[in-house]
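Here's the letter readout for the chains.
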There are 2 protein chains.
Amino acid sequence: MIPATVRQPLSRERILVAAVGLADAYGISAVTMRRIGEALDCEAMSLYYYVESKGALVAGLAEQVIGEVVAATAADPPGATGWRELVLGRCLLARSVMLRHPWAPQVIMSLPEAPTVTYAIYEQLVGTLVDAGFTYELAHRAIHALGSMVLGFTQELFEPADGSAPTMTVDQMQAMTETMPHLAALATPDIHGTEGSLSTCDTQAEFEFTLGLLLDGLDRARA
Amino acid sequence: MIPATVRQPLSRERILVAAVGLADAYGISAVTMRRIGEALDCEAMSLYYYVESKGALVAGLAEQVIGEVVAATAADPPGATGWRELVLGRCLLARSVMLRHPWAPQVIMSLPEAPTVTYAIYEQLVGTLVDAGFTYELAHRAIHALGSMVLGFTQELFEPADGSAPTMTVDQMQAMTETMPHLAALATPDIHGTEGSLSTCDTQAEFEFTLGLLLDGLDRARA
DNA sequence: ACCTGAACACCGTTCAAGT
DNA sequence: ACCTGAACACCGTTCAAGT
């Protein structure tokens, strides 16, 4: 009697999950009331029964992603020793979540206020730091420094997102060697002792390096 | 014979300036082909004669802002001694430009490729660093670290954008003291030797502190 | 060469109406 | 209680047509 595919009732949760799926698959611009409706086999207007507005839906997206971070970082690894290791591990996990949802940092930073879940992360972080001898003042600064790293480092500024075809012709390369010698050196293998650090840019390594600088600096400021 | 207000001819430049003005005054969402047309006293469709698409226009916005950074940082202060002082000064100037255009970091990071003007900034930075004994490898990392700071630190994650009314009732505050003691301490004046570092959050000081950590770290890595 | 009117597909959102 | 049709104001964009 029950048809093969019963249409599940809508819910805020189902809507948010569908929206995250759309964003992951087609980018944040595909997150549209009408397309969410399509994905859930209902009309766009039905969503307004569960979600106040598009803005509230977008805030829900951020909530969803930050919830993933909370879930991933709730339990510290058993063998962890010291605050540095703990915080480093959590930052790397948080980043891995952001990499799964490249649209998320933008969305999170565009919100007028941080979703409530965020406080759980901060509470945990401040706890760890204060236990390790940080003042609250310094812990507060650590929040800003680490938060802006996790959210700000995903986007790439320099190289083409693809890393695929060289966008430069030989002529352009030639001109660049004259007008911008240092960048040319940076982009050219086997010069100045680099192997072309531009072309082989490993963003993950960059992230870990910069994060290391920050953690070292915080450790020094602690003493 | 010439009427009091001659309608200036359109140009890419005029369009971009008008768009930046709209974004500064009403936010990036107000940057609309139709509203730009209104501001320039022409029809939205006319813009397409000078601008390929909305995407190209947005790229132009980023170009405009990065151009401001280039202009602000082209000449180093006469009395500057050493790379740290030079780079610190440029980062602070770059940040001040971003603060004048709060929509800019989002826009810049959303681009598939960095505008060409950006290379001028990187060339200058790499030059300064290599002259100071940085390897190209390390200079590359500095680009990432500093770039993500300048673009990522504008957005606030924690406190309400306003800093105005307390969004929390006394009850909520009470509950927070129990479930999130550390954040409660962070938010409460005269506890644990802080004067309520949350309420008195000075983002500029936070930025300079974190930037200092990075510069110190880079200096150590140089040696 | 430069600008516009008309038209299209697509948005978010409201609200009265259906079940 | 939950969902929808019709309608509105607003998008980006194309293209033939005006000057």
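Preceding this section is the structure that the text describes.
What counts, and where the lines are drawn
- Position numbers for residues start from 1 in each chain and track the written sequence from start to end.
- Chain labels run from A onward and ligand labels from 1 onward, assigned in the order the entries are written.
- Residue-level local features of this predicted model are given only where pLDDT is at least 70; pairs of side-chain atoms are given and counted only at 80 or more, and the full residue set underlies all totals for whole chains, interfaces and linings.
- Side-chain metrics rest on all non-hydrogen atoms present in the structure, leaving aside hydrogens and water.
- Under the DSSP-based scheme used, a helix requires at least four consecutive residues in state H or I and a strand at least two consecutive residues in state E, with every element numbered from the N terminus.
- To sort residues, take the accessible area from a 1.4 Å probe on protein chains only and compare it with the maximum for the residue type: under 20% means buried, over 50% means exposed, and anything in between is partly exposed.
- Here a residue-residue contact requires only that any non-hydrogen atoms of the pair lie within 4.5 Å.
- Accessible surface area values rest on a Shrake-Rupley calculation with a 1.4 Å probe, where residue burial reflects the displayed protein chains alone.
- Each aromatic pair joins two rings of Phe, Tyr and Trp (for Trp, the six-membered one) with centres within 6.5 Å, and gets the label stacked for planes under 30 degrees apart, edge-to-face for over 60, and tilted for any other angle.
- Either the NZ atom of lysine or the CZ atom of arginine qualifies as a charge over a ring when it sits within 6 Å of the ring centre and within 35 degrees of the ring normal.
- One heavy atom suffices: a residue is near a molecule or strand as soon as one of its heavy atoms comes within 4 Å of it.
- The term polar contact refers here to a pair of N or O atoms within 3.5 Å; inside protein, the definition further demands a hydrogen-donor-capable atom paired with an acceptor-capable atom, and it admits residues adjacent in sequence only when both atoms are side-chain atoms.
- Polar here means any residue other than Ala, Val, Leu, Ile, Met, Phe, Trp, Tyr, Cys and Pro, which are nonpolar, and Asp, Glu, Lys and Arg, which are charged; Gly is therefore polar.
- The criterion is simple. A nonpolar core is a set of buried Ala, Val, Leu, Ile, Met, Phe, Trp, Tyr and Cys residues joined through side-chain atoms within 4.5 Å.
- Throughout this description, the term salt bridge denotes a Lys or Arg side-chain nitrogen within 4 Å of a carboxyl oxygen of Asp or Glu.
- What counts as an axis is a line fitted to C-alpha atoms, over the stretch in contact for a helix, and the angles between N-to-C directions run from 0 to 180 degrees.
- When an angle is under 35 degrees it counts as roughly parallel; over 145 it counts as roughly antiparallel; between 65 and 115 it counts as roughly perpendicular; any other value is oblique.
- Expected helix span is taken as 1.5 Å per residue step, with the number of steps being one fewer than the number of residues.

Colleague: I'd love a proper account of the overall build of chain A, names of residues and values included.
Modeller: Broken down by element type, chain A carries 10 helices and two strands. Each helix and strand of chain A, placed in order from N terminus to C terminus, yields the pattern α-α-α-α-α-α-α-α-α-β-β-α. For chain A, with 223 residues in total, the buried portion stands at 45%. When contacts within chain A are restricted to residue pairs at least 6 apart in sequence, long-range pairs at least 24 apart make up 69% of them. When the accessible surface of chain A is summed, it comes to about 11,200 Å², and 58% of that surface belongs to carbon and sulfur atoms.

Colleague: Tell me about the packing of aromatic side chains, and name the residues and values.
Modeller: Applying the stated criterion across every chain, the model contains six aromatic pairs over all chains. For the ring pair Trp83(B) and Phe134(B), a centre distance of 4.9 Å and an interplane angle of 75° mean the geometry is edge-to-face. Pair noted here: Trp83(B) is in helix α4 (residues 83-100) and Phe134(B) is in the loop between α6 (117-131) and α7 (136-152), with a separation of 51 residues, a long-range link. The pair formed by Trp83(B) and Phe134(B) is uniform in burial state, with each residue classed as buried. When the ring centre of Phe209(B) is taken as reference, the NZ or CZ atom of Arg141(A) above it lies at 4.7 Å.

Colleague: How would you explain the protein's contact with DNA strand D if you had to name every residue and give the values?
Modeller: Close to DNA strand D lie 16 residues, the nearest being Met45(A), Ser46(A), Tyr50(A), Arg34(B) and Lys54(B). At 3.4 Å, a side-chain N or O of Thr32(B) approaches a sugar or linking oxygen of DNA strand D. Residue Arg34(B) places a side-chain N or O atom 2.5 Å away from a base nitrogen belonging to DNA strand D. Of all the elements, helix α2 (residues 33-40) of chain B adds the most residues to the surface near DNA strand D, at three residues.

Colleague: Give a detailed account of the protein's contact with DNA strand C, specifying residues and quantitative values.
Modeller: Around DNA strand C, 16 residues are found, and the nearest of them are Arg34(A), Tyr48(A), Met45(B), Ser46(B) and Tyr50(B). Sugar plus phosphate, as a fraction of atoms of DNA strand C within 4 Å of the protein: 62%. Note that a phosphate oxygen of DNA strand C is positioned 3.5 Å from one of the backbone N or O atoms of Leu10(B). No other element matches helix α2 (residues 33-40) of chain A, which puts three residues into the surface near DNA strand C. Taken together, the residues of the surface near DNA strand C break down into eight nonpolar, three polar and five charged.

Colleague: Requested: an account of the nonpolar core, with residues and values cited.
Modeller: One finds Ile36(A), Leu57(A), Leu218(A), Ile36(B) and Leu57(B) to be the most contacted residues of the largest nonpolar core, which totals 128 residues. Setting aside residues no more than four positions away along its own chain, Leu218(A) makes contact with Trp83(A), Phe134(A), Leu138(A), Ala142(A), Phe209(B) and Leu213(B).

Colleague: Outline unusual backbone geometry, supporting the account with residue identities and numerical values.
Modeller: Negative phi characterises most residues that are not glycine, and trans characterises most peptide bonds. Residue and element names in this part refer to chain A. Backbone geometry at Asp41 places phi at a positive 60°, although glycine is not the residue there. The residue Asp41 is located in the loop between α2 and α3 (54-73) in this model. On the basis of relative accessibility, which here comes to 49%, the residue Asp41 falls in the partly exposed class.

Colleague: Explain the side chain of Thr128(A) to me, and be specific about the residues and the numbers.
Modeller: All names here are of chain A. Within the element layout of this structure, Thr128 appears in helix α6 (residues 117-131). You can call Thr128 buried: its relative accessible area is 13%. The residues contacting Thr128, other than those within four sequence positions of it, are Trp83, Leu86, Val87 and Arg90.

Colleague: Run through the pattern of salt bridges, naming residues and quoting values.
Modeller: Residue and element names in this part refer to chain B. This model, assessed by the stated rule, comprises 12 salt bridges over all chains. We note a salt bridge from Arg84 to Asp216, for which the minimum N-O separation is 2.6 Å. Here Asp216 lies in helix α10 (residues 203-222) and Arg84 lies in helix α4, a separation of 132 residues in the sequence. With relative accessibility at 33%, the residue Asp216 sits in the partly exposed group. Linking Asp219 and Arg222 is a salt bridge whose minimum nitrogen-to-oxygen distance equals 2.8 Å.

Colleague: Lay out the packing of helix α7 (residues 136-152) of chain A against helix α10 (residues 203-222) of chain A in plain terms, naming residues and giving numbers.
Modeller: Residue and element names in this part refer to chain A. It is the contact of α7 with α10, at a shortest axis distance of 11 Å, that shows an interaxial angle of 175°. The pairing of α7 with α10 is recorded here as roughly antiparallel in orientation. Note on element contacts: α10 touches α7 through Phe207, Thr210, Leu211, Leu214, Leu215, Leu218, Ala221 and Arg222, opposite Leu138, Ala142, Ala145, Leu146, Met149 and Val150.

Colleague: Lay out α10(A) with the relevant residues and their values.
Modeller: In this model, α10(A) (20 residues) spans 28 Å end to end at C-alpha, consistent with the 28 Å of a helix rising 1.5 Å per residue. Along α10(A), the residues classified as buried are Glu206(A), Phe207(A), Phe209(A), Thr210(A), Leu211(A), Gly212(A), Leu213(A), Leu214(A), Leu215(A), Gly217(A) and Leu218(A). Residues of α10(A) that are buried sit in contact with α4 (83-100) and α7 of chain A together with α7 and α10 of chain B. Its side-chain oxygen at 3.1 Å from the backbone nitrogen of Gln204(A), Asp202(A) defines the N-terminal cap of α10(A).

Colleague: Explain the environment of Ala80(B) to me, and be specific about the residues and the numbers.
Modeller: Tracing the sequence through the fold places Ala80(B) in the loop between α3 (54-73) and α4. Aside from chain neighbours lying at most four places away, what touches Ala80(B) is Glu85(B) and Leu86(B).

Colleague: Any chance you could break down the side chain of His101(A) for me, citing the residues and the numbers?
Modeller: Residue and element names in this part refer to chain A. By secondary structure assignment, the location of His101 is in the loop between α4 and α5 (104-110). Overall, His101 belongs to the buried group, its relative accessible area being 5%. Looking at His101, its side chain comes within polar contact range of the side chain of Asp24, at 2.7 Å. Residue contacts for His101: discarding those within four places in its chain leaves Val20, Asp24, Val65 and Glu68.

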